[in-house]
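Spelled out, the chains give:
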Amino acid sequence: MGILDKIAEIEREISRTQKNKATEYHLGLLKAKLAKYRAQLLEPSKSAGAKGEGFDVMKSGDARVALIGFPSVGKSTFLSLMTSTASEAASYEFTTLTCIPGVIEYKGANIQLLDLPGIIEGAAQGKGRGRQVIAVARTADVVIMMLDATKGEVQRELLEKELESVGIRLNRTKPNIYFKPKKGGGLSYNSTVPLTQCSEKLVQLILHEYKIFNAEVLFREDSTPDEFIDVIVGNRVYMPCLYVYNKVDQISIEEVDRLARRPNSVVISCGMKLNLEYLLETLWEYLALICIYTKKRGERPDFNDAIIMRRGASVEHVCHRIHRTLASQFKYYLILKPSSLCSGSLHLKHKQKSKF
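Residues numbered from 1 in each chain as written. Predicted model: local features only at pLDDT ≥ 70, side-chain atom pairs only at ≥ 80, totals over all residues. Heavy atoms only, no water.

## Some remarks on helix α10 (residues 315-322)
So, step 1. When we look at burial in α10, the residues that qualify are Val315, Val318 and Cys319. The buried residues of α10 occupy one face: seen down the axis, they fall within an arc of 100°.
So, step 2. Looking at the buried residues of α10, the elements they touch are β12 (289-292), β13 (307-310) and β14 (335-336). (Buried < 20%, exposed > 50% of the residue type's maximum accessible area, 1.4 Å probe, protein only. Helix = DSSP H or I, 4+ residues; strand = E, 2+ residues; numbered from the N terminus. Arc of directions from axis to C-beta. Contact = heavy atoms within 4.5 Å.)

## Structural notes on the sheet that holds strand β6 (residues 177-181)
So, step 1. A sheet is described by the order of its strands in space; here three strands give the open sequence β6-β8-β7, paired in mixed fashion. In this open sheet, the two edge strands, each paired with only one partner strand, are β6 and β7 (187-191). Within this sheet the neighbouring strands show an average axis-to-axis angle of 5°, counted without direction.
So, step 2. Lying over the sheet, helix α6 (residues 200-209) contacts β6, β7 and β8 (215-219), oriented at roughly 135° with respect to β7.
So, step 3. Of the strands in this sheet, β6 and β8 touch helix α7 (residues 225-233), which is tilted by about 45° from β6. (Pairing = 2+ DSSP bridges. Axes fitted to C-alpha atoms, helices over the stretch in contact; angles between N-to-C directions.)

## Some points on the sheet that holds strand β3 (residues 109-115)
Either a parallel or an antiparallel arrangement is found when strands of a sheet pair, and the pairing is made through backbone hydrogen bonds.
So, step 1. With respect to topology, six strands assemble into an open sheet ordered β2-β3-β1-β4-β10-β11, the strand pairing being mixed. One side of each edge strand has no neighbouring strand; the edge strands of this open sheet are β2 (100-106) and β11 (265-267). Across this sheet, the average inter-strand angle for adjacent strands is 25°, counted without regard to direction.
So, step 2. The pairing of strand β1 (residues 63-69) with strand β4 (residues 142-148) spans five bridges and is classified as parallel. Across the sheet, Gly69 pairs through a bridge with Met146, a residue of β4.
So, step 3. In this fold helix α5 (residues 154-165) packs onto β1, β4, β10 (241-246) and β11, with an angle of close to 145° to the strand it touches most, β4.

## A short note on the pattern of salt bridges
So, step 1. On inspection of all chains with the given rule, the structure shows 17 salt bridges.
So, step 2. The closest approach of N and O atoms between Arg321 and Asp62, which form a salt bridge, is 3.9 Å. Here Arg321, found in helix α10, pairs with Asp62, found in the loop between α2 (24-42) and β1; they are 259 residues apart in sequence, far enough to count as distant.
So, step 3. Given the relative accessible area of 24%, Asp62 is considered partly exposed. (Salt bridge = Lys/Arg side-chain N within 4 Å of Asp/Glu carboxyl O.)

## As for the side chain of Asp115
So, step 1. Residue placement: Asp115 occurs in strand β3.
So, step 2. Comment: no salt bridge for buried Asp115; closest opposite-charge side chain is Lys75, at 5.2 Å.
So, step 3. A polar contact is formed between the side chain of Asp115 and the side chain of Ser76, at a distance of 3.0 Å. (Lys, Arg positive; Asp, Glu negative; His and termini not counted. Polar contact = N/O pair within 3.5 Å; in protein donor to acceptor, adjacent residues only side chain to side chain.)

By themselves, these observations are geometric and do not establish any function.
This is the structure:
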C-alpha cells in the first residue's frame, strides 16, 4: 500500500468516526499518523530524474506575494494590470504553465508578484505541478487567493484544504506551545491555562507516534491536537492570506456586498478594472511595510527615496540596510514622526534597538 492509499484510508477513518470523549484519543492518533504520511509525501524523491525547466524564481524586492487560484480565474490578467509584465491570458485553462514574476511599484516599494500556474484538486499529491506551485507559495510573505466570484465558495474551500494539507496555515498564528525533546527523564507536561481539547494521555499518544518518549511540553493556550501536531512537526508556515474575488461584474450587487463583508476578503473586477487601488492598500497593510525617510542636518527629508522596512524593525536594522558598518559607528539618532509618516508626533533619542 502506497502513501497516497494510506492517507486516503486514514481520511476515510476520520470522516466516519464520531467526535466525542470516547474517541478523542483514537482521532488524535489518526491525525498524528496523517500528518506524518503527508510529511513523507512532500519529501523530494531520492531517485534522480531528468532535469527539467526551473520553476521557482529568485526572491527580489521588499516583499514577495504569491498569486494562487484555480485555472481561468484571472491571475494572469491581474498580473498584467498591476505590473509591467505581460502574462499570457486566454479563455482556456492552464494558459500559464510556469512561474511568471512581476513587480508592483507602490509607495516606493518593489513588491514581487508571482503568477503561479492554476492548481487543481489533489495538488498536494502532485497533480498538475501542484507540489511545485505550493512549494513556491511557502516562500511568499503574503498569499493572494484569486477566486471566481461566480463559483460561490467551492473554490475557496478546496484551496484552503490543499494548502492546509501541506502545512500552510492561512491567517493563523503559531500555537503558543513550548515543546523540547530531551534525552531522558520521560514526559514533563504542564499548562498555564485550563485545557479543554488536549490531555496528558492524548499528548503522550501523539508523541509516541513520532517515537518521542522524553520531552518537555508546556501549553500556554487552549490548543487543539492538530495545533500540537503542528508544533511537533515544526515545518508549518503561518502567513496572511487575502481572498480576492474576481469577476464581480457578473454577479448581483447583493452577492458582491456579501463577499466584500467576509473577513480578509476584497472584491475586484480585472475586466472592468474595479477596486484595484483598494486591493493595493489592503495588500500594503497585510505586508506590514513602512516607509522610512532619511534627512541631512539642516535640510528637508528626501521623500523620493524611501527605505522600506517591516513594521517592528529596529533602528539597527535600518542602519544595516543603509550600510553594514553604519551601526557600529554612529552615536545617536533622531526620529521624527509626523502624522504623514507614522502615528503620533515625537522626537526621540534612544538606543539602537528601539522599534518603529
